[in-house]
Amino acid sequence: MAAKKLWAGRFGTATSKAVDEFTASIAFDHILYRYDIMGSIAHCRMLSKQKIIPARDARTIIGALKEIEKEIENGKLAFAPQKEDIHMLIESRLIQKVGAVGGKIHTARSRNDQIALDVSLYLRDALVDTVCLLDQVQQALITMAEKHIDVFLPGFTHLQHAQPLLFAHHVMAYFEMLQRDRARMEACYGRVNRMPLGAGALAGTPHPIDRQYVAGLLGYPAVTANSMDSVSDRDTLIEFCSNAAIVMMHLSRFCEELILWTSSEFQFVEISDSFCTGSSIMPQKKNPDVPELIRGKTGRVYGSLMALLTLMKSLPLTYNRDLQEDKEALFDTVETVKSCLAVFALMLPEIKVNKEKMAEAAQSGFLTATDLADYLVEKGVAFRTAHDIVGRIVSYCIRKKKSLWDLSVNELKRFNKNIGADVLNTIALTASINRRTCVGGTGRTAVKQAIRKAAAELRKGKKFIEQAETTRRKMADVK
Ligand code: ARG
């Protein structure tokens with residue numbers, strides 16, 4: 001016979017095994033055990049301080065909760081579906097260990113505000129971990145950009161050769177994306193940082209609790225404002241998943257480029273053997289599985305975001321059991337985005353840049369045609385006219401199977417009399433790149449400045465990480 005449920009008072013018969021299995025969340029919410037115990041200890045300290053339970057009972061409960069944490073860590077406590085969820089497992093074990101006194105832990109608390117607290121604590125950690133990993137990828141991007149500051153690359157629009165670029169500029173574009181991702185994660189942390197416990201089932205509690213005290217113990221600067229909102233709000237989970245979806249979209253774009261660039265058609269980069277795998281049938285193959293998997297995993301992160309949005313749509317206030325479905329989507333997203341960022345940070349230094357191939361590719365596609373038009377503009381020709389003239393020059397080159405650089409000054413002059421000897425300098429690759437010194441341009445000085453600014457931003461970003469680490473330590477102190 002399974003032990004009686006902690007809520008079984010009004011029930012005539014035990015739940016069927018099928019229902020136990022169907023409703024249980026312990027198979028996945030057990031990962032919250034540390035947060036659940038931490039929250040319970042903070043709650044218990046508050047109950048004792050407010051004289052809602054005797055100090056002696058609180059000591060007994062806290063001592064047992066710490067033992068239970070060890071039991072879980074050592075695999076001594078089974079996650080049986082009859083225990084329903086992590087909260088019930090821990091509470092029933094507590095009562096088993098210390099007797100009826102253990103039942104006092106749930107005074108002035110409901111599982112509805114308890115789970116809100118557990119997930120909030122979990123999410124704070126997940127956000128800090130994600131920011132740290134974004135930081136690692138960003139560092140790796142800066143290192144890559146610095147190392148290859150002299151490498152040219154054809155820039156693409158519509159996947160057609162467009163204008164020449166510094167490879168470092170291309171790399172730093174991803175730095176910017178991740179910098180925005182980071183800001184989104186930090187902003188989300190600010191919104192998670194409201195302590196929900198004390199909301200009770202939905203309406204608060206008549207017991208003289210001290211919510212601010214619990215918040216202080218757990219390193220929260222404030223408590224949530226409305227008990228109904230506290231138990232039914234899942235905004236920050238959705239926000240995390242949305243932010244994660246954008247991170248994955250960014251990683252996936254870079255991965256797509258790496259996959260293209262490692263192909264024999266491009267050969268712009270090579271990913272070291274330790275980050276590729278072979279084929280079980282084709283002996284010659286070296287496949288870019290890591291970027292492919294990151295690109296692939298983007299799908300499940302989008303899927304989880306959709307699942308959460310759909311879950312919340314039309315849910316009446318306040319708690320509904322539907323809300324239990326939020327966890328797998330969140331946990332999977334946290335694990336996926338963290339593992340993708342971690343492996344991405346490790347892979348970046350393992351990428352060999354093929355400077356010669358990139359430079360060779362930059363020779364074709366009339367990359368400096370716009371520079372030629374800009375040159376004519378400097379000579380007083382209206383841009384639209386200049387555009388047309390250069391269009392005709394390009395068409396001439398295609399017919400003659402020549403590049404812009406193969407043309408002599410006299411040949412060019414035939415298209416417009418304003419063209420002089422100084423044109424050759426203007427349409428050279430290096431000149432084209434280096435004249436783009438405007439802020440945000442691909443000119444060498446502009447890119448170097450962008451790298452310096454990025455490094456300074458990373459140094460500034462450490463402040464958030466340090467503050468969050470202090471909160472983590474404070475949180476651990478609650479025990
Ligand atoms: N396992 C539940 C969840 O994740 C905990 C809250 C249960 N509350 C309830 N009223 N049944 O949502």
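Because the structure is predicted, anything quoted here is derived from the model rather than measured.

Cut-offs and rules
Residues numbered from 1 in each chain as written. Predicted model: local features only at pLDDT ≥ 70, side-chain atom pairs only at ≥ 80, totals over all residues. Heavy atoms only, no water. Helix = DSSP H or I, 4+ residues; strand = E, 2+ residues; numbered from the N terminus. Buried < 20%, exposed > 50% of the residue type's maximum accessible area, 1.4 Å probe, protein only. Contact = heavy atoms within 4.5 Å. Expected span 1.5 Å × (residues − 1). Axes fitted to C-alpha atoms, helices over the stretch in contact; angles between N-to-C directions. Parallel < 35°, antiparallel > 145°, perpendicular 65-115°, else oblique. Left-handed = near helix turned anticlockwise from the far one by under 90°. Nonpolar A, V, L, I, M, F, W, Y, C, P; charged D, E, K, R; others polar. Salt bridge = Lys/Arg side-chain N within 4 Å of Asp/Glu carboxyl O. Patch = residues over 30% accessible without salt bridge, like charges linked within 9 Å, V, L, I, M, F, W, Y side chains within 5 Å. Areas by Shrake-Rupley, 256 points an atom, 1.4 Å probe, with all protein chains shown as cover.

Q: Hey, could you go over the side chain of Asp326 for me, with residue numbers and the actual values?
A: By secondary structure assignment, the location of Asp326 is in helix α12 (residues 326-347). The exposure class of Asp326 is buried, given its relative accessible area of 1%. Not counting residues up to four positions away in its chain, the partners in contact with Asp326 are Arg234, Leu237, Leu308 and Leu311.

Q: Now, about helix α3 (residues 33-49): what can you tell me, with residues and values included?
A: Compared with an ideal rise of 1.5 Å per residue, which puts 17 residues at 24 Å, α3 spans 24 Å between its outermost C-alpha atoms and is within 8% of the ideal. Counted residue by residue, α3 has 14 buried out of 17 residues, so it is predominantly covered. Following α3 by one or two positions, Lys51 has its phi on the positive side, about 60°.

Q: Now, about the packing of helix α4 (residues 55-73) against helix α5 (residues 86-98): what can you tell me, with residues and values included?
A: Packing of α4 against α5 leaves a shortest axis separation of 10 Å and a crossing angle of 120°. Between α4 and α5, the interaxial angle falls into the category oblique. Considering only the axes of α4 and α5, their crossing is right-handed. Across the interface between the two elements, Thr60, Ile61, Ala64, Leu65, Glu67, Ile68, Glu71 and Ile72 of α4 pack against Ile90, Arg93, Leu94, Lys97 and Val98 of α5. Tallied by class, residues from the contact of α4 with α5 come to eight nonpolar, one polar and four charged.

Q: So, the pattern of salt bridges: which residues are in play, and what are the values?
A: Per the counting criterion, the structure on display carries 34 salt bridges. Measuring nitrogen to oxygen at the nearest pair gives 3.4 Å for the salt bridge that ties Arg321 to Glu84. Of this pair, Arg321 sits in the loop between α11 (289-312) and α12 while Glu84 sits in the loop between α4 and α5, and the two are 237 residues apart along the sequence. One salt bridge connects Asp422 with Lys379, and the closest N-O pair in it is separated by 2.9 Å. Here Lys379 lies in the loop between α14 (369-378) and α15 (383-400) and Asp422 lies in the loop between α16 (409-413) and α17 (423-426), a separation of 43 residues in the sequence. By relative accessible area, which is 38% here, Asp422 ends up partly exposed. The class of Lys379 is partly exposed, set by a relative accessible area of 36%. Several salt bridges converge on common partners, so that one network encompasses Arg34, Asp125, Asp129, Lys338, Glu469 and Arg472.

Q: Go over a nonpolar patch on the surface with me, naming the residues and quoting the values.
A: A surface patch of nonpolar side chains, about 280 Å² in accessible area, is lined by Leu202, Met228 and Leu317. Structurally, the position occupied by Leu317 is in the loop between α11 and α12.

Q: Please provide a residue-by-residue account of α14, values included.
A: The α-helix advances 3.6 residues per turn, and as a result positions three or four apart in sequence lie on the same side. Where α14 is concerned, the buried positions are Ala369, Asp371, Leu372, Ala373, Tyr375 and Leu376. Considering only its buried residues, α14 is in contact with α15, α16, α17 and α18 (429-434). A positive backbone phi angle near 100° is found at Gly380, which sits one or two residues after α14.

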